[in-house]
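One-letter residues, chain by chain:
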Amino acid sequence: MSDTTRMTATAIAAAVRGGELSAREVASSALNLIAQHEGELHCFNVVTSEVALAQADAVDEKIARGEDPGPLAGVPIALKDNLCTRGVATTCSSKILEGWLPPYDATVVTRLIEAGAVSVGKSNLDEFAMGSSTENSAFGASKNPWDTSRVPGGSSGGSAAAVAAGFVPIALGSDTGGSIRQPAAFCGTVGMKPTYGLVSRYGLIAFASSLDQIGPFSTTVTDAALLLEAICGHDDRDSTSLRDTPTSFVGPLAEGIAGLRVGVITDFLSDADPLIVTAVRDAAGALASAGATVDEVAIPELMSGLAAYYLIAPAEASSNLSRYDGVRYGLRVDGPDVAKMNAETRAAGFGPEVKRRIMLGTYVLSAGYYDAYYAQAQRVRTMVANAFNRAYERFDVLLGPTTPSVAFQFGAKIDDPLAMYLSDLYTIPSNLAGHPAISVPFTLGEAGMPVGVQVFAPALGEQAMFRVAKAVEDAQQAGCRGPVELSAGASR
Amino acid sequence: MSEIVPGWELTVGLEVHCELQTKTKLFCSCANTFGSVANTNICPVCLGLPGSLPVLNEQAVEYAMRIGLALNCHVEPSIFHRKNYFYPDMPKDYQVSQYDEPINRDGSIELPSGTTVGIERAHLEEDTGKTSHMGGGGRIHDADYSLVDYNRAGVPLVEIVSRPEITSPEDARAYLNELRSILVATGASDGRMEEGSLRVDANVSVRRVGTTELGTRCEVKNMNSLRSLGRAIEYEAARQVELLEAGGRVVQETRHWNESTGSTSSLRSKEEAFDYRYFPEPDLVTIAPSSSWIEQVRGALPPMPGDRRRELTAAMAKSNPDLDASSYQDQIVTVVDLALDGLVVGAIAHGADGRLALARGANEAAARPDEARALSVEAFVELLGLETSGKISATQSKAVLTEMLDGHGAPSEIIKKLGYEGVDADALGVIVDAVIAANPNEWLRFVEGDERVAQFLLGQVMRETKGQANGKLVAEAFGVRKSR
Ligand SMILES: [Zn+2]
């Protein structure tokens, strides 16, 4: 049997659709690699081998019947474990949801199955997507396949690591403040956050509803565009889902970037690691060579985003997470009365970072503090969006680093929440504005770890964003992206 | 302003929760029905399962607009907020409700007495589930365990908040009664207090006559009827007056009305009140009904009770101009409350006597309003005509109406069946003449003014007609012949 684990999703789908590979072969290949290396990387909370083989067989049967098996026919995919999957445990990497079996599939899961994708497992995350390293997972951290002493980033660290390890060519994550793009940068993969409302949130277990978006991981920009095509589009079950949005992202990649105006955000270059600053400048140079007009732009308002985010996101989270009260599902720790049962359940079920954010969010919404914190943060949010939009009067896309540093060592920041929060400094503004952004591997930085460059676009500007991302990718240093070689000793 | 205790004034504001009779719940497609088997009308959305999202029911928005427009409110662009507090029958541990940007604002209700009460707002929100405490005394603290039914969770409610402009228990009852009639008229609610589809809380305060600042209020909950609303307000006002007269002060708190003891008791103080941490619901978008939609809803509203009372009063004035309107005002209120005004106004328009139509409507028909609303105006007019013309007596007319409400057919058929057919005027004349001819001595005495023989002669006619003759008509027939 051939090893398909280093193929792109585009190549697998073409081979499966063309009858050169069976979906079962591809799934088995992925499951074999996972079986060999999952123990050292811990990308998954659960590997769903049976589901994967059944879905693969369904694809093969469709092909045998002469039916269209879909654009992702036979492509293995990892699903972040905050996406509801019917009958498959969905935990958010929290003890409070351990053992809960959703009675329904998230809209993106339904669409993936229709597109022919094969789901191999539920990938690990920081508990309820709160964190930047997966160290907040109740079930243990995932490892960075480039260097297992380093974090894969987070919160979608399991998805990023699974793609970087070659377990799957594509994965889904969710991005509330950078939870797709930051781990993508840390693991040398592509990671993209769509425009708020482009992808349905139905079935995504909420962290901060006004910021959350589901998005793709992949090894190439083309695969990310292909995956986004499969999951985007209006959904009647999500009131914030947009109508009449673009549906084609792969085709426009061929248009190139001649004439596109690219602005390099200078505010993001002052505090980043020097090798990362160099990477951004080199990427800008490559874009200019490819025909884009490149200039610098200062958008100082973006630097206020982090503070606003850490008021708005916890406020929404404090409310979204109230329902985990031990009454209906998940963990219950009994108590002498209902209030005590609620309290005991939540005390035992939530980890320290989740508790910290619930407390913070509860505080900022409290009577007497709302205006000073929550309302003020919303004004800053509007200011950030306006500042972005002013820049987009002059530029089609913006360019900057994804993270201030490369992937850090386990334990380096876990006891210093503020240092951890700063990993999201350059990703948070897009969430506040509801705009799309993508991280593309560009080079290797400190300690030989991958460095991602981020391309920002205005609302529904995904097509230009992908085109520029492709041009960045075309100029990337060889060996800066996954999948990495997993030998007997994956640790280097 | 009325003084409930000499020297003191009462101020009441009412908050009324009204369940909308939409087909489905506010944010999901589960059936909105009362009385289903527990936890059968539920889904991931109304159970608040992780990952589920609300989608607003357009019919609920339209019903809320109907209510707002019927209460003379402005319909405005509005948003939902989350009201956060832990409660086991609330699946998400927050309630999705409207807060400072409600759909309906600034309306009013005119009571039958002519008093106007301002409406601050009428906003949309979702209902909670229902908890049953099992074992012990059925109260939360001594129960062995509790069961929760989520069928009601997510049922759409409109909360109608009055301004604190009600000044007597009577007006509070009249307000609630009028509001209920309006809600039923809009078609948005069935108005049933006993099934909990209409629930009322009262904010009660008192102040000394002559002062302008409102007193400290208490919120009284758990009144299940118009009567208990009046009793609870009376009790609570008296309690507050007694407290203040004794030099104490009223503590702002929520109080529970106990129907069997007829008193209120403290549920929780202001300090124990929840901090609801309201913030805009990020899973829903702004509701901004277009002006054409608003006008379409306004245009489709049927006449409201106030308009209908005015119409009925006008019909009465035309039909019975010599009657003092105040003498039948109560009957008009009853008839309109029970939606029997269509029948009564229709009957008057078809020539029925107004006083008689209104009396039958406010009494016999009002006793069985559902059946009475199904009567045809023609049948009602026929019945009233028979009574007016003396073909049947008042007692017989009421009996016939009862049979009509039982669905036993047209008045003429019922009269035949009951043997009330009477005797027509010509036939009666022949019989009267025959009786006079057969009893010349008695007739002479009658003509000379001996009233005692009148009864005898009437009895003879009745015997001849087997009791079918109308006594009044027989007396008239004798009278006519006497004066010849
Ligand atoms: Zn439901």
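Residues numbered from 1 in each chain as written. Chains lettered and ligands numbered in written order. Predicted model: local features only at pLDDT ≥ 70, side-chain atom pairs only at ≥ 80, totals over all residues. Heavy atoms only, no water.

1. Thoughts on the overall build of chain A
Summing up its helical and strand segments, chain A has 15 helices and 11 strands in all. Since a compact globule built from 492 residues should have a radius of gyration of about 23 Å, the 21 Å found for chain A is in line with a globular shape. A fraction of 77% describes how many contacts in chain A between residues 6 or more apart in sequence connect residues 24 or more apart. Looking at chain A as shown, the accessible area adds up to about 15,600 Å², and 53% of this sits on carbon and sulfur atoms. Averaged over its 36 positive side-chain charges, chain A has a centre that lies 4 Å from the centre of its 52 negative ones. (Helix = DSSP H or I, 4+ residues; strand = E, 2+ residues; numbered from the N terminus. Rg over C-alpha atoms; globule rule 2.2 N^0.38 Å. Contact = heavy atoms within 4.5 Å. Areas by Shrake-Rupley, 256 points an atom, 1.4 Å probe, with all protein chains shown as cover. Lys, Arg positive; Asp, Glu negative; His and termini not counted. Charge placed at Lys NZ, Arg CZ, Asp CG, Glu CD.)

2. Overview of the coordination of the zinc ion
Residues and elements named next belong to chain B. All of the protein donors around the zinc ion are Cys28 (SG), Cys30 (SG), Cys43 (SG) and Cys46 (SG); their distances to the metal are 2.3 to 2.4 Å. With 4 donor atoms in place around the zinc ion and angles of 100 to 115° between them, the coordination shape is tetrahedral. Between consecutive donor residues of the zinc ion, the sequence gaps follow C-x1-C-x12-C-x2-C. In this pair, Cys28 is assigned in the loop between strand E2 (8-19) and helix H1 (58-70) and Cys46 in the loop between E2 and H1, connecting sequence segments 18 residues apart. (Donors = N, O, S within 2.8 Å, 3.2 Å for Na, K, Ca; no water. Tetrahedral: all angles 85-135°; square planar, octahedral: opposite > 155°, others 65-115°.)

3. What to know about H1 of chain B
All names here are of chain B. Between its terminal C-alpha atoms H1 stretches 18 Å, which fits the 18 Å expected from 13 residues at 1.5 Å a residue. Those residues of H1 that sit buried are Ala60, Val61, Tyr63, Ala64, Met65, Ile67, Gly68, Leu69 and Ala70. At the N-terminal end of H1, a side-chain oxygen is found 2.8 Å from the backbone nitrogen of Gln59, two or three residues along, and the residue is Asn57. One or two steps after H1, the chain reaches Asn72, where phi turns positive at roughly 60°. (Expected span 1.5 Å × (residues − 1). Buried < 20%, exposed > 50% of the residue type's maximum accessible area, 1.4 Å probe, protein only. Polar contact = N/O pair within 3.5 Å; in protein donor to acceptor, adjacent residues only side chain to side chain.)

4. Considering the nonpolar core
Counting 237 residues, the largest nonpolar core has Phe128, Leu399 and Phe466 of chain A together with Ile160 of chain B as the members making the most contacts within it. Examining the composition of this core, we find that 9 residues originate from one element, helix H9 (residues 305-320) of chain A, more than from any other. With residues up to four places along the chain from it excluded, the contact list for Phe128 of chain A reads Cys92, Ser94, Ile96, Leu97, Ile205, Phe207, Leu321, Tyr324, Phe350 and Val354 of chain A. Counting residues in each nonpolar core, the second largest holds 37 residues, with Ala372, Leu375, Leu384 and Tyr420 of chain B among its members. (Core = buried A, V, L, I, M, F, W, Y, C linked by side-chain atoms within 4.5 Å.)

5. A short note on the interface of chain B and chain A
Reports of interface size often rely on the accessible area that becomes lost once the parts have come together. With 31 residues of chain B at the contact, the number on the chain A side is 39 residues. Of the roughly 2,700 Å² buried at the junction of chain B and chain A (both faces included), carbon and sulfur atoms supply 57%. Where chain B touches chain A, the interface holds 2 salt bridges. Measuring nitrogen to oxygen at the nearest pair gives 3.7 Å for the salt bridge that ties Arg328 of chain A to Asp93 of chain B. Counting only elements with at least two residues in the side of chain B that touches chain A, the list comes to strand E4 (81-84) and strand E15 (279-280) of chain B. (Buried area = accessible area lost by both parts, 1.4 Å probe. Salt bridge = Lys/Arg side-chain N within 4 Å of Asp/Glu carboxyl O.)

6. So, the domain arrangement of chain B
All names here are of chain B. When its domains are assigned, chain B resolves into domain 1 (8-300), domain 2 (305-418) and domain 3 (425-482). Between domain 1 and domain 2, the C-alpha centre-to-centre distance is 36 Å. Each partner contributes residues to the interface: domain 1 has 8 residues there, and domain 2 has 7 residues. Of the roughly 540 Å² buried between domain 1 and domain 2 on both sides combined, carbon and sulfur atoms contribute 42%. (Domains from an automatic or database assignment.)

7. Let's talk about the pattern of salt bridges
On inspection of all chains with the given rule, the structure shows 52 salt bridges over all chains. Across the salt bridge formed by Asp175 of chain A and Arg181 of chain A, the nearest N and O atoms sit 2.9 Å from each other. Considered together, Asp175 of chain A and Arg181 of chain A belong to a single accessibility category, that of buried residues. A cluster of three or more residues bridged by salt bridges with shared partners is formed by Arg201 and Asp238 of chain A together with Arg82, Glu281 and Asp283 of chain B.

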